[in-house]
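Each chain is listed here by its residues.
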Amino acid sequence: MIKKILTHSIRSFNRQRAYLFINVLGLSIGIACSLLIALFVINELSFDQFHTKKERIYRVNLHGKIGGQEAHVSSTASPVGPTMVQDYPEVESFTRYNSYGSSAIKYKDLDFDEHFVLVDSSFFKIFSIPLIKGDISNVLNAPYQAVISKSTAERIFGSEDPIGKMIQEGTDTSLYEVVGIMEDIPENSSFEADIFGSFTSSRRANDGNWLSNSFETYVLLNPGTNPDKINEKFPAMIKKYVGPMLEQYLNTTIEDFFSQGNQYYYELQPLVKIHLDPGIIHEVKPPSDPKYLYIFGSIAFLIIVIAAINFMNLSTAQAAKRAKEVGIKKVSGSSKGMLIRQFLSESIVLSVFSLAIAIVIIELTLPFFNQILNSRLEINYIDNWYTIPGLIVLSLLVGVLAGIYPAFYLSAFKPVSVLKGSIKDSMKNGRLRSILVILQFSISIMLIVGTSIIYKQINFMMNKDMGFTQDNLVVLGRAHAVGDQIKSFKNELLQIKGVTGVSASTAAPMHNNNGNGYIIEGRDQESFLLETNWVDYDYFKTYEIELSNGRLFDKSYPTDQDACIVNESAVQNFDLKDPFSTRFKLPPDEADENNEYMPIIGVVKNFHFRSLHYKIEPYIFRFKNEDINWGYVSIRLAQDAPNNVLKHIEDVWNNFSGSEPIQYFFMDDELKHEYNEEQQNATLAIVFTILGIVIASLGLFGLTSFTTEQRTKEIGIRKALGGSITNIFYIISKEIVVLVTISAIIAWPAIYFIAKNWLQNYPYKISLSPWDFILGFAIALVIAILTITYKTLKVARINPAQSLRYE
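Residues numbered from 1 in each chain as written. Predicted model: local features only at pLDDT ≥ 70, side-chain atom pairs only at ≥ 80, totals over all residues. Heavy atoms only, no water.

Observations concerning the overall build of the protein
Across its full length, the protein carries 23 helices and 23 strands. When each of the 807 residues of the protein is scored for burial, the buried share is 50%. Here the contacts in the protein between residues at least 6 apart in sequence split such that 80% fall between residues at least 24 apart. When the accessible area of the protein is evaluated, it comes to approximately 37,000 Å², of which 57% is carbon and sulfur surface. (Helix = DSSP H or I, 4+ residues; strand = E, 2+ residues; numbered from the N terminus. Buried < 20%, exposed > 50% of the residue type's maximum accessible area, 1.4 Å probe, protein only. Contact = heavy atoms within 4.5 Å. Areas by Shrake-Rupley, 256 points an atom, 1.4 Å probe, with all protein chains shown as cover.)

Written as structure tokens, this is what we have:
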């Protein structure tokens, strides 16, 4: 008898430990997931927060609508900043920002690739980027001065003192003098630069053309200034300065321009909101889409809910085992409130213990997540005052969320019911636990379906026909390094084995740099905005862009050099009934004294010159004359091109460009880069979805263990009466199948609504299919069945004689 009692006690103790382990593991994984997501969200929200004057710094954005084409850009005209300081007493200072991107920097006989940006001398007074060397009051206040970052100084000059040294940027014959060294720009900055040059070095520093928008402008407002007051003054500025130029170049008044439905206005944007605004095309770091912060924030909350449900389910499932404890304590004088505090304290202690395990999990997995995100996420326990209090609050919240219902439920037992033994019988009903399991699997199915839709959308964008062939296409940047030898350079490249085509152009897909306004002959009162690319005769062959109508630039037609080719979007958007009778007038700043028109000679099929985040807008190709030597050189490679073809291309480059380093990219890689954010976020979503399912499965496993334990004697009776293992498995699993099916019915409408709204952000998107939802249900059902299989079969195989003796 003693041996039997000891065996039963040991088994009961082991079951209690197993349930405790499942609770702690579920909470630990849930808290770890939530903390990782919180780190990601906090990192995105922390961009530009380190600037001490951040509340007063604004960027001037330009919003326009010309000929039905909208543009939302950060580019403004050169005189915008100086004029704002001159006309508006609320504006304390300004700086312009002109990024050259990765530039060739030469020091003596050494060549480097560095991110080069031109800014006004006020830049370091506005932004909190400390100078290690140099006087903040006078750096960059003269042409051809430069301030370099600490790491760049070490890279270029080694142990030498950089101050006073001369460096060359690109092919500029004037040298920049290093007058300062700055700290490296933090990762959570919207700016990206290794070297800042003085803006006065630019030939357009004093450009008075208000229609040439090429630079970003940042302003520092005086303390207490309401930015809305500045926004209210912008229409008067546009009328005063832009209006006369519209009349001069477009022969229309600003009033007539607006009356035609066109728009042209400036708007201040707070510095701290720049990083999370993908709606503005700008020169600084690519922005993040805030919708992903909402998505991951929701995932974090749902995972915590799944973990809390595990706790609730297992706690209420074992209520009968604690009924006697509750009854005795109530008879001894414990109040309901005292019991609630006790049970809540237990859940909070478990939550704190789970938090400790979660922190270990995070520290072990952070390198993996940093690799996925290409980031440097970390938890600063000491440096950030809010970290430890935040962790404590999180553990308290999780403990209360997980323990609140079990605490009230357990404390409500009546001593009389306990003594009669009716509590145990009522526990077997388990209606609440069924509801909680349904909620868990509803969340799991939503995560599965949502993640699969995200993955399908990204896969669609990465594999959609772009309208040109991106494979085996190498694009060289810095074509200006070749100078006026571009024709000879192309011929030399064509001699390389494996090179089948070469073209020079001012723009390349994903690298657009000219949006110009045009006038159509006979519609002089209207303006039309087109992305402009100057190309040579070989461009369309090299990119394999298909002709829709007309013809391409042809050497046998000398007049083609004064003609143009447009895409189908231009024909459709501008309602060109007969495109070959249509002529575009040259942009005002390029029109010669004869104010020539460019006839359309061809229409090409639409192609994506930007990523699939953007609609295909009107595009115009103009002929690239020999005197236009900047932009890109695109090289088409054969499928069987030898491995050393890039080495030969580099050799030809070196022969023509001198010592300027070659800069190139593969077009297919560049397209993948455009979807980096989506790929990273999809990977995160998959990881967190799997973890959420693991937590739900842990709970289901624990609940199945409890259920089969409660039904051991029933199973023994069924087997004694001839029931097979298959029949018993069917009886137990049938309930789970029903619960998962109900979960799917609840989850489908919710995730359909969420997914449909999310897809609205993309102009080119997948169509939602019933199979997306059925797949989520099927995966959840398979996981649920696999989870309960082990415990169910284990109990079903027990000898009926042993099962019937089970208590």
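There is more to say after this.
Comments concerning a nonpolar patch on the surface
Together, Ile382, Ile388, Ile392 and Leu396 make up an exposed nonpolar region whose accessible area comes to about 380 Å². If you trace the backbone, Ile388 turns up in helix 10 (residues 387–411). Judged by its relative accessible area of 40%, Ile388 is partly exposed. (Patch = residues over 30% accessible without salt bridge, like charges linked within 9 Å, V, L, I, M, F, W, Y side chains within 5 Å. Salt bridge = Lys/Arg side-chain N within 4 Å of Asp/Glu carboxyl O.)

Focus on the pattern of salt bridges
Tallied over the full model, the rule gives 23 salt bridges. When the shortest N-O distance is used, the salt bridge between Glu216 and Arg59 registers 3.7 Å. Pair noted here: Glu216 is in strand 11 (residues 213–221) and Arg59 is in strand 1 (residues 57–66), with a separation of 157 residues, a long-range link. The pair Glu216 / Arg59 is uniform in exposure class, with both members buried. Within the structure, one salt-bridge network assembled from shared partners comprises Lys490, Asp536 and Asp538.

Considering empty space enclosed by the protein
Applying the stated criterion across every chain yields a total of one cavity of 30 Å³ or more. As a volume, the largest cavity reaches approximately 50 Å³. Lining the largest cavity we find Leu36, Ile37, Phe40, Phe296, Phe369, Leu373, Leu377, Leu684 and Phe688. Considering each element in turn, the lining of the largest cavity owes the most residues, three residues, to helix 1 (residues 2–45). (1 Å grid on protein atoms, 1.4 Å probe; cavity = no way out; pocket = protein on both sides within 12 Å on 5 of 7 lines; lining within 4 Å. Points joined across faces, edges and corners; volume = space filled by probe spheres on them.)

Notes on helix 21 (residues 725–759)
Under the 1.5 Å per step criterion, the end-to-end length of helix 21 is 47 Å for 35 residues, consistent within 8% with the ideal 51 Å. If you look at helix 21, its biggest bend is around 35°, right at Ser733. (Expected span 1.5 Å × (residues − 1). Bend = angle between axes of the 7 residues up to and from the residue.)

Here we look at the environment of Ala307
By the element assignment, Ala307 lies in helix 7 (residues 290–317). Each C-alpha atom of the pair Ala307 and Gly26 lies 5.3 Å from the other, and the pair is 281 residues apart in sequence. With residues near it in sequence (within four places) discarded, Ala307 still touches Gly26, Leu27, Gly30 and Ile695.

A word on the packing of aromatic side chains
For the structure on display, the rule yields 46 aromatic pairs. A centroid spacing of 5.4 Å and a plane angle of 85° characterise the contact between Phe123 and Phe124, whose relative ring orientation is edge-to-face. Classification of Phe123 as buried rests on a relative accessible area of 1%. Measuring from ring centre to ring centre gives 4.8 Å for Tyr619 and Phe621, while their planes differ by 55°; the resulting arrangement is tilted. Take Tyr619: its relative accessible area is 1%, and that puts it in the buried class. (Phe/Tyr/Trp six-rings, centres within 6.5 Å; stacked < 30°, edge-to-face > 60°.)

Observations regarding unusual backbone geometry
Excluding glycine, a negative phi dihedral is what most residues carry, and trans is how most peptide bonds are arranged. Phi at Tyr144 takes a positive value of approximately 60°, unusual for a residue other than glycine. Considering the arrangement of structural elements, one finds Tyr144 in the loop between strand 6 (131–133) and strand 7 (145–149). The backbone phi angle of Asn472 is positive, close to 55°, even though this residue is not glycine. The class for Asn472 is partly exposed, based on a relative accessible area of 25%.

Digging into the side chain of Asp560
Relative to the helices and strands, Asp560 resides in the loop between strand 17 (547–550) and strand 18 (564–567). At a separation of 2.5 Å, a polar atom in the side chain of Asp560 contacts the side chain of Arg551. Excluding residues that lie within four positions of it along the chain, Asp560 makes contacts with Arg551, Leu552, Phe553, Asp554, Ile601 and Phe623. (Polar contact = N/O pair within 3.5 Å; in protein donor to acceptor, adjacent residues only side chain to side chain.)

Things to note about the packing of helix 2 (residues 80–87) against helix 5 (residues 227–250)
Closest axis-to-axis distance for the helix 2/helix 5 pair is 12 Å, and the angle between their directions is 115°. Classified by the interaxial angle, the pair formed by helix 2 and helix 5 is roughly perpendicular. Crossing geometry of helix 2 relative to helix 5 is assigned as right-handed. Contacts between helix 2 and helix 5 involve Thr83, Met84, Gln86 and Asp87 on the former and, on the latter, Ile230, Phe234, Met237, Lys240 and Tyr241. When the residues that make up the contact of helix 2 with helix 5 are grouped by side-chain class, the tally is five nonpolar, two polar and two charged. (Axes fitted to C-alpha atoms, helices over the stretch in contact; angles between N-to-C directions. Parallel < 35°, antiparallel > 145°, perpendicular 65-115°, else oblique. Left-handed = near helix turned anticlockwise from the far one by under 90°. Nonpolar A, V, L, I, M, F, W, Y, C, P; charged D, E, K, R; others polar.)

So, the confidence of the model for the protein
When pLDDT is averaged across the protein, the result is 83; 87% of the residues are at 70 or more. Low pLDDT, under 50, characterises residues 1–13; the predicted model gives this stretch three contacts beyond four residues in sequence or across chains. Below pLDDT 50 for its whole length, residues 425–429 participates in seven contacts with residues either more than four positions away or in separate chains. (pLDDT = per-residue confidence, 0-100.)

Points about the nonpolar core
One finds Phe296, Phe540, Tyr543, Phe621, Phe688 and Val740 to be the most contacted residues of the largest nonpolar core, which totals 113 residues. Counting residues per element, this core draws most heavily on helix 7, which supplies 16 residues. Ile66, Ala77, Phe94 and Ile254 belong to the second-largest nonpolar core, a separate cluster that totals 30 residues. (Core = buried A, V, L, I, M, F, W, Y, C linked by side-chain atoms within 4.5 Å.)

Observations concerning the environment of Tyr292
Looking at the element boundaries, Tyr292 is found in helix 7. Judged by its relative accessible area of 1%, Tyr292 falls in the buried class. Residues within four places of Tyr292 in sequence aside, it is in contact with Glu677, Glu678, Asn681, Trp758 and Tyr762.

Things to note about the packing of helix 13 (residues 431–463) against helix 21
Between helix 13 and helix 21, whose axes approach to 7 Å, the crossing angle comes to 40°. By the angle between their axes, helix 13 is oblique relative to helix 21. In this structure, helix 13 crosses over helix 21, and the sense of that crossing is right-handed. Within the contact of helix 13 with helix 21, the residues separate by chemical class into 21 nonpolar, five polar and one charged.

Here's the deal with helix 14 (residues 486–494)
Turn by turn, an α-helix covers 3.6 residues, leaving residues three or four places apart pointing in a common direction. Listed in full, the buried residues belonging to helix 14 are Ile486, Phe489, Lys490 and Leu493. One face of helix 14 carries all of its buried residues, which in axial projection span an arc of 100°. (Arc of directions from axis to C-beta.)

Focus on the pairing of strand 21 (residues 619–623)
Burial analysis of strand 21 places five of its five residues in the buried class, the great majority of the element. In strand 21, alternate side chains face the same way, and those of Tyr619, Phe621 and Phe623 on one face and Ile620 and Arg622 on the other are all buried. Here strand 16 (residues 523–535) runs beside strand 21; their pairing, made up of five bridges, is parallel. Counted as the bridge partner of Asn533 is Phe621 from strand 21. In terms of strand pairing, strand 18 meets strand 21 through three bridges, oriented antiparallel. The partner of Ile565 across the bridge, within strand 21, is Phe621. (Pairing = 2+ DSSP bridges.)

With respect to the environment of Leu552
Here Leu552 is to be found in the loop between strand 17 and strand 18. Taking C-alpha positions, Leu552 is 7.8 Å from Phe540, a pair spaced twelve residues apart along the chain. Not counting residues up to four positions away in its chain, the partners in contact with Leu552 are Phe540, Leu547, Asp560, Ile565, Ile601 and Val604.

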